[in-house]
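Below are the chains, spelled out letter by letter.
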Amino acid sequence: MYLDLIYSNGWYNLAGNQQDMVVPPVEGVAGGGTAYGWNDGGFHVSNPLKGSIDPTKVPTADLVHVWCLLSTTNVGPQEVPRNLEPISLLAARNERESVQIAIRPKVSWSGSGVAGVVQVQCSDLCSASGDRLIVGQSLTLRRVVPILGVPDALVPLDLPIKPNKPTTWTGAVWVSIDVPNAQPPGLYEGEIIINAPKAHAESSSQCLGKAERHQLFTELHNCLDAVEPIEGKPLDEVVERVKSATTSLRRVLLSPSFSEFFSDNGPVDMMDEDAISNLSVRVKLSLTVWDFIIPTTPSLPAVFGISDTVIEDRFGVEHGSNEWYDALDQHFKWLLQYRISPYFCRWGDSMRVMTYTSPWPVDHPKSDEYFSDPQLAAYAVPYGPVVSRYTPLNMEQYESVRNMASEIHAYAPDTRVLTTYYCGPSDTPLAPTPFEAFVKVPKFLCPHTQIYCTSEWVFGNREDLVKDVISELQPENGQEWWTYVCLGPSDPHPNWHLGMRGTQHRALMWRVWKEGGTGFLYWVPTAMRRQQFPVQRQGLPPGDGVLFYPGEVFSSSSQPVASLRLERILSGLQDIEYLKLYASRYGREEGLALLEKTGVYLGPERYTLEHVAIDIMRGEIFSTCRS
């Protein structure tokens, strides 16, 4: 497997517009809370190559800087090169672990004002016993693309965006390894190989001559002619037509055009051996897979809303059409891989919203498929034609919640009603101070509400106030406490805004676990309409409500494009499973002590800024909990 990255003498934005200055960090302190290399000066190269350069005769290390960075680093265009070190990762089964490869040109070797083409390949990861993690299945590569000047979108590298303006920059490749449930534990090793071919080489190997293309076209056209008109045909004739099509397809696959992909023993490794030489940069990659299995059903429900009106706008589909169902289904299934329990929502006026997990009727087979999916930790059911209220503010709205809950429980007594709130009723105080009134909400809503979902913003940096809320709950009666973020809290508290540090993104799930929440709600990850991209909705902090991007912005594909922040949410949810395992062996207090002892998370303003603390915590859990 290989792909091409083109680097030019400068940086570009998604629209391809020339940038006269580096875009500053969006939010935060100390460089935007980013640590991704924003600086005022350029990187100076000693003894650069001069004159005409043949990249096939020069070590690739003399043409580009290559170094590795961990998944919590935001790699900006001015990221300063570092020494290249081998990559060593740890992962449980059913876990995704990621790392970044940064590349920055030292010189231009294309002769056209563009630095040149960099070819990136990777091998399967293999264990001593012969087990493999296969490229394209368990191992994937994506390119980090800036959004609003901040590295965020992870664009599949088989569909690269190529700059058309000259600028100087550092680019990054995001490498993800997904370990299957049944993968045997052990040490898996492989390598990522980077080299710089000649300017014409990247395309010549991929282009077929006109005669070859015509032959392939004819063979494939014959296949269609054989199988398309089979409706209503006798079974014997259908069988003959399928055999004919099979013969044509086999002839295509065995043609010289595809000979490099097959051997006598079947498909060969996708590494392009011709492009590899002793001049290439080789990045050693090792992964220790241990015997812990991340549970398929998340221990902590992370419930995220998908606005169906945004889907309608983005894809230009009519509500209730087949295309509408297909688009919702695509987004639902895509988000499950991030340990997220999606639901759909339709917003009305005055913060009124209808929520539902399945767009199909409850007795439809697709609804059964949705509700029985083991990856789903929680689901939402709409309350008839009536829309519920998001965060009640006054007594009338609180009474509306109580009344709706009473009607729901009269019909289905075991239904669990979730209410979000960040204050008590403003016109009828429940206590002398606003915070005391906020604390008294569970008592006021009991027994109508079972899940009390509060804003993290209310607590500020006073984590100790959480116990006041929890003390009002009745867990023996099935009451739970969840939290949510929306707009705030802002820097330096954990959240998922653009421009925050990578550990700040990941820390939100550490906060949830430390505070004792049993679930998490996020209002919507799709708060961006097609015509607005990449402009943020007015009134929202950068990145708030936008955790993935429409694929058609980057290519012809409609597959959603994940953000760095969404990957870090996944990492945080996986960290919760590690901490839960540790607490099951040694008790919750020991789990809390481990968070603090390793410096990973002590409070909303006191968490690690460096990735090393995360590795220490995960390593301790691995050492003490492995079989």
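Residues numbered from 1 in each chain as written. Predicted model: local features only at pLDDT ≥ 70, side-chain atom pairs only at ≥ 80, totals over all residues. Heavy atoms only, no water.

**Student:** Looking at this structure, I do not really get the overall build of the protein chain. What am I missing?
**Tutor:** Along the backbone of the protein chain there are 14 helices and 26 strands. Among the 627 residues that make up the protein chain, the fraction classed as buried is 52%. The contacts in the protein chain between residues at least 6 apart in sequence include a share of 74% that link residues at least 24 apart. A total accessible area of about 28,200 Å² is found for the protein chain, and carbon and sulfur atoms account for 54% of it. (Helix = DSSP H or I, 4+ residues; strand = E, 2+ residues; numbered from the N terminus. Buried < 20%, exposed > 50% of the residue type's maximum accessible area, 1.4 Å probe, protein only. Contact = heavy atoms within 4.5 Å. Areas by Shrake-Rupley, 256 points an atom, 1.4 Å probe, with all protein chains shown as cover.)

**Student:** What exactly am I supposed to notice about the nonpolar core here?
**Tutor:** Formed by 75 residues in total, the largest nonpolar core has its most connected members in W290, F304, W496, F520, L566 and I621. No other element matches the 10 residues that helix α12 (residues 564-586) contributes to this core. Beyond its immediate chain neighbours, meaning those up to four positions away, F304 contacts I340, S341, P342, Y343, W496, F520, Y522, P525, L547 and I569. Among the nonpolar cores identified, the runner-up in size contains 37 residues, and L63, C68, L125 and I194 belong to it. (Core = buried A, V, L, I, M, F, W, Y, C linked by side-chain atoms within 4.5 Å.)

**Student:** Before we go on, may I ask you to explain the packing of aromatic side chains in this structure?
**Tutor:** Two measures describe an aromatic ring pair: the distance that separates the ring centres and the angle between the ring planes. For the structure shown, the criterion picks out 25 aromatic pairs. On the numbers, 5.6 Å between centres and 80° between planes, the contact of W360 with Y370 is edge-to-face. One end of the pair, W360, is in the loop between β17 (352-356) and α6 (365-371); the other, Y370, is in helix α6, with 10 residues separating them in the sequence. Across the pair, exposure class does not vary: W360 and Y370 are buried alike. (Phe/Tyr/Trp six-rings, centres within 6.5 Å; stacked < 30°, edge-to-face > 60°.)

**Student:** Is there a simple way to think about the pattern of salt bridges in this case?
**Tutor:** Note that side chains of opposite charge can pair when their charged atoms are close. The full count for this structure, using the stated rule, is 28 salt bridges. A salt bridge links R82 to E79, with the shortest nitrogen-to-oxygen separation between them at 2.8 Å. Among the ionic pairs, D124 bridges to R132, the shortest N-O distance being 2.5 Å. (Salt bridge = Lys/Arg side-chain N within 4 Å of Asp/Glu carboxyl O.)

**Student:** What should I look at first to understand the sheet that holds strand β2 (residues 64-70) in this one?
**Tutor:** Two strands in a sheet stick together by hydrogen bonds in their backbones, pointing the same way (parallel) or opposite ways (antiparallel). Spatially, the 5 strands line up as an open sheet ordered β2-β4-β10-β8-β9, and their pairing is antiparallel. In the strand order of this sheet, the two ends are held by β2 and β9 (150-156), each with one partner. When strand polarity is set aside, the average angle formed by the axes of neighbouring strands in this sheet is 30°. Pairing of β2 with strand β4 (residues 96-105) involves 7 bridges; the strand directions are antiparallel. Within β4, the position partnered with V66 by the bridge is I103. (Pairing = 2+ DSSP bridges. Axes fitted to C-alpha atoms, helices over the stretch in contact; angles between N-to-C directions.)

**Student:** How do you make sense of the packing of helix α11 (residues 502-515) against helix α13 (residues 588-597) when you look at a structure like this?
**Tutor:** Angle between the axes and distance between the axes: these two values describe a pair of packed helices. In the contact formed by α11 and α13, the axes pass within 10 Å of each other and the chain directions differ by 145°. For the element pair α11 and α13, the recorded crossing hand is left-handed. Contact residues: α11 offers W510, W513, K514 and E515, while α13 offers R588, G591, L592, L595 and E596. (Left-handed = near helix turned anticlockwise from the far one by under 90°.)

**Student:** Just checking my understanding: could you explain helix α14 (residues 612-625) for this structure?
**Tutor:** Side chains three or four residues apart in an α-helix point the same way, a direct result of the helix having 3.6 residues per turn. In this model α14 runs 20 Å from its N-terminal to its C-terminal C-alpha over 14 residues, within 8% of the 20 Å that 1.5 Å per residue would give. On the buried face of α14, the contacting elements are β3 (87-93), β4, β14 (281-293), α11, α12 and α13. (Expected span 1.5 Å × (residues − 1).)

**Student:** Sorry if this is basic, but what is going on with the side chain of D491 here?
**Tutor:** Within the fold, D491 resides in the loop between β21 (480-485) and α11. In this structure, D491 is buried with no salt-bridge partner, the nearest side chain bearing the opposite charge being R501 at 6.4 Å. Only 2.9 Å separates the side chain of D491 from the side chain of Q504, close enough to count as a polar contact. (Lys, Arg positive; Asp, Glu negative; His and termini not counted. Polar contact = N/O pair within 3.5 Å; in protein donor to acceptor, adjacent residues only side chain to side chain.)

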